[in-house]
Each structure stands twice: as C-alpha cells, then as structure tokens.
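# Observations on the three-dimensional arrangement
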Amino acid sequence: MTRALKKLFSEDRAFYVRVLTLAMPIALQSLITVGVNMLDTIMVGKLGEEALSASSLANQFINIYHIFCMGLGMGASVLVSRYWGMRESEPEKAEKALKKTICIMVRLTLGLALLFAVATALIPGAIMRMYTPEESIVSLGVTYFKYSIVTYFFLGLSLVCTIVLRSVGQVRMPLYVSMGAFFVNLAANYALIFGKLGMPKLGIAGAALGTLLARVFEAGMICGYLFFRDRAIGFRIRHLGMKTGDLMGEYIRISLPVLISDGILAIGNNTVAMVIGRLGMAFVAANAVTSVTQQMSNVLAQGAAQAGAIVTGQTLGEGEREKAQSQGYAFLGLGLCLGLFAGAVIMLISGPVIRAYSMSRETAEVAGQLMDAIAFIMIFQSANSIMTKGVLRGGGDTKMLMLADNIFLWLLSIPMGLLAGFVLGLPAFWIYTCLKADQIAKAVWCVFRLRSGKWIKKITTGKI
C-alpha cells in the first residue's frame, strides 16, 4: 500500500514546478472562460427561466462544435508536443512536421466551422427541438442561433491555435487574450442584453452578439500572434498552402480517434442534455446553473490535463519512456488530490451560488441536489480527465481512449440515466449521478491502462 502511494507522488520537485508553470495559466484561462459563461447565465437569467433554458440548450449544440474542435486541436497537440521534444535530435524533420500538422489542423477546423454554420442557418428550429418540446424555448433558441452563425469560425480558430501555442509551452499569451475577451464579453452583454451605453435592448439576441464580439477579439489576437509574430514555431499564412500528404496518414492515425472520441462523446453529452431537457423546466434551469459551477471547479484539472499531454509528449519525444511512465503515476495522484479539492469547494459554495440566481423554489431544490452529485462525481472526473485527456492521450493511445470513452458513456451512463429519470423516477441527485457514472468507471480503467504500459505509442514525422 505504501509503495503504491509513493508512486502517486513524485519526489522530483522540478516535475511539479514544470506542471504548475504550464497548468496554472491554462487553468486561469479556463476559469476566465467559465466566468464568461457564468456572467452570460446570470445576465440571461434576469430575462426569465425560458430565456435561460433557451440559451443553455442552444449552447449545447454549439458545444458539439467546440468539442469537435477540441478533438482536432488535442489530436494535433499530441503530434506537436512530440515533434517539439524531437527538436534537438532531429531539428529539420521536427520543424517541417510541426508546420504540416498545424496546416492540416487549421484546414479541418475551417471546414468543420462551415458545416456547423450552414446547419445553424438552415435548420435552427429542428436543432432546438432535439433538446426540448417547449415551443416558447425553441423560439428563443432560434433567435440565439441567428446571431451565432459566424461565431463558429472565430471560436474554432482561436481554440485550436491556442492549443498549439500551449503545446510548445507558450501559455501566457493565450491567458492575456482571454482576460481581454472577458471584458469585451462583459461590456457587450451588459450593453446589448439590457440596452445600456446607448445600445438597443436585444435580450437573448444581445447575449449571442456579446459572445460573438468576444470570439472575434480572441481569434484576432491569437491567430494574429501565431501567423504573424511568433518566432518559436515560425508558422505563417503562406504555410496554409503547403503540401501535407506525407503526414496526413500519421495525423489521421493519431487525431481521428481523438476527433471521433470527442465527437461521439459530444453527441452522447447532448443525448444527456436531451434527457435533462425532458425532465422539466426546473431541471433544465437548475442544470444550467450548476453546470457553470462544475466547469469552474474543474479548471485546475483541465489545466493539469493539458499539462499532462504536453509534458508526456515532450518527454517521449526526448526518448525517455520510463520517465514518462513514472510521471504518469504522479499525474494520477495529482488528479485525485484536485478532485477532492474541487468536491470540497463545490460543497462550500453551492448555497451562495444558487441564491445568486432568480429562480423558483422547486428549481433551487433541484439545483441543490445537483450540486451534491457534482461534488461526488468530481473526485473521479478530475482523475480520469488528467489521465485520458492528458497522459494517455499524450502517449498516443488515442484509439483505446476512443473505445473507452464511448463504451462507458453509451453502455453505462446513458442507459442508467434513462432508467433513473424515466422509469424509476429517482431524485435529481441519483439521476445526475447515473448520467455521470462513466466518470467513475473510467477513473478505475485508467489505473489498469497506465500500469500496462501499452499506452505509449510510436509516432513518425512523415517524409521530409
């Protein structure tokens, strides 16, 4: 037992300093993003529960695109981190492979943005009806979508380019940009939702426009830096036309499972949202409130997860296989500690957070139960997030992660959630716990996968 515990806590202080240096700016950036979401929720909540539910459900669809882009970006990050670690041993190959990876990623992101923009423009009502049968909510959601069509392009580019910068250790610049985007979003929401500062009162449409303006600012700053000013990577606009056929196979081998995994996971999460959407307006509104708190409490784990992918990829790129294995156990221990911390924070702040919103007594009671469930689930979610989205993904184990993510979600969480909500009629605590049962199962599975050592995969640079 003592030996197992020692594995979870590294004696290498430099390791924790490196992780902290990478993870904290990423976590702060995630916290700012969640803060923007919370402000949106609070401001839209002042318009009533219907408007709150509509914006929450519309964003569920936008989140599908967000998760697809995360798949593209994190898949590319596996390659970028590995190539970055190879700079000293094979500098010419590493540099060219890195640029080709970014080129492929940007092209795919823009193509995906076009698909989602067309769908949002042509069938907004059908998309909203996937989540709720309430026509009043559907109508407000359609209005929100109308002003969100071009958001996909700016959201996607800023997201994937940020991931690339993080993968080579540039974590501060994206953080500063997020700070700026926060204030842009705050000012735009205040002015456009409520008709302040000489602007028209647009209600839910103002929330969508505020988000769009923040995304334009974010993409302009991030992409402008990467494509025109960054010297470490040296990627420029002209490189978007470079030939990438020799690396496409490797990119697809590593990134496609990440994209499929995250994509199907996004669909699965939206299926969960559809289940929640049919449990009544009180449950939908309560979930909109508590989901922001969950995101905020998970930012440290998200930062550590991305740090895990970067550190693992660079360590393996340097040829240090045993060191990567040892670091994997240390990341697992870190995940458990962060999960316990996040759960405790949620329990402490749940009351004040719920009271900050204008909601009915029934909605507040449901929100309280959801907060308790989230606090419990977060212990397991933090550990498996750092392993699946960090260490194991950084090792190139993307195919197995694709299978694990979706088997646990579709064969465990969704059936249990449907049973708890529509057959057994259990309280909100148990419905939510069942809908998130995959988080518990994956946390256990990650331990066995890490021990096996089979998660470390070989990656090539293509033909140079």
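The following refers to the structure shown. Because the structure is a prediction, the values reported are computed rather than measured.

### Considering a nonpolar patch on the surface
Judged by side-chain polarity, M248, I252, L256, I260, I264, I267, M400, L403, I407, W410 and L411 come together as a nonpolar surface patch covering roughly 900 Å² of accessible area. For the nonpolar patch, the secondary structure elements donating two or more residues are α10 (245-277) and α15 (398-423). Examining the composition of the nonpolar patch, we find that six residues originate from one element, α10, more than from any other. Position of W410 among the secondary structure elements: in helix α15.

### Quick look at the packing of aromatic side chains
A complete count under the given rule lists twelve aromatic pairs for this structure. For the ring pair Y65 and F116, a centre distance of 5.3 Å and an interplane angle of 55° mean the geometry is tilted. Here the residue Y65 occupies a position in helix α3 (residues 49-85), and F116 occupies one in helix α4 (residues 91-122), the gap between them amounting to 51 residues. Comparing Y65 with F116, the two get one shared label, buried. When the ring of F116 is compared with that of Y152, the centres are 5.8 Å apart and the planes differ by 45°; the resulting orientation is tilted. Separated by 36 residues along the polypeptide, F116 in helix α4 and Y152 in helix α7 (residues 151-167) bring together distant segments of the chain. Across the pair, exposure class does not vary: F116 and Y152 are buried alike. Among the aromatic residues, those joined into a ring-pair cluster are F61, Y65, F68, F116, F145 and Y152.

### Considerations on the pattern of salt bridges
On inspection of all chains with the given rule, the structure shows eight salt bridges. For the salt bridge of D246 with K100, the shortest nitrogen-to-oxygen distance reads 2.9 Å. With D246 in helix α10 and K100 in helix α4, this residue pair connects regions lying 146 residues apart in the sequence. The exposure class of D246 is partly exposed, given its relative accessible area of 30%. The shortest N-O distance in the salt bridge between K389 and D405 comes to 3.4 Å.

### Focus on α3
Its 37 residues place the ends of α3 50 Å apart at the C-alpha level, agreeing with the 54 Å of an ideal helix rising 1.5 Å per residue. At F61, α3 shows its largest bend, some 30°.

### What about the environment of G453?
With respect to the helices, strands and loops of the structure, G453 is situated in the segment after α17 (437-452). Along the sequence, G453 and A219 sit 234 residues apart, while their C-alpha atoms lie 38 Å from each other. For G453, the contacting residues outside a window of four places in its chain are R321 and Q325.

### What to know about the nonpolar core
In this structure, Y152 and I233 are the most contacted members of the largest nonpolar core, which totals 67 residues. Of all the elements, α3 adds the most residues to this core, at 17 residues. One finds A307, Y329, L332 and V391 within the second-largest nonpolar core, a separate group that totals 31 residues.

Rules used in this analysis
- Residues numbered from 1 in each chain as written.
- Predicted model: local features only at pLDDT ≥ 70, side-chain atom pairs only at ≥ 80, totals over all residues.
- Heavy atoms only, no water.
- Patch = residues over 30% accessible without salt bridge, like charges linked within 9 Å, V, L, I, M, F, W, Y side chains within 5 Å.
- Areas by Shrake-Rupley, 256 points an atom, 1.4 Å probe, with all protein chains shown as cover.
- Salt bridge = Lys/Arg side-chain N within 4 Å of Asp/Glu carboxyl O.
- Helix = DSSP H or I, 4+ residues; strand = E, 2+ residues; numbered from the N terminus.
- Phe/Tyr/Trp six-rings, centres within 6.5 Å; stacked < 30°, edge-to-face > 60°.
- Buried < 20%, exposed > 50% of the residue type's maximum accessible area, 1.4 Å probe, protein only.
- Expected span 1.5 Å × (residues − 1).
- Bend = angle between axes of the 7 residues up to and from the residue.
- Contact = heavy atoms within 4.5 Å.
- Core = buried A, V, L, I, M, F, W, Y, C linked by side-chain atoms within 4.5 Å.

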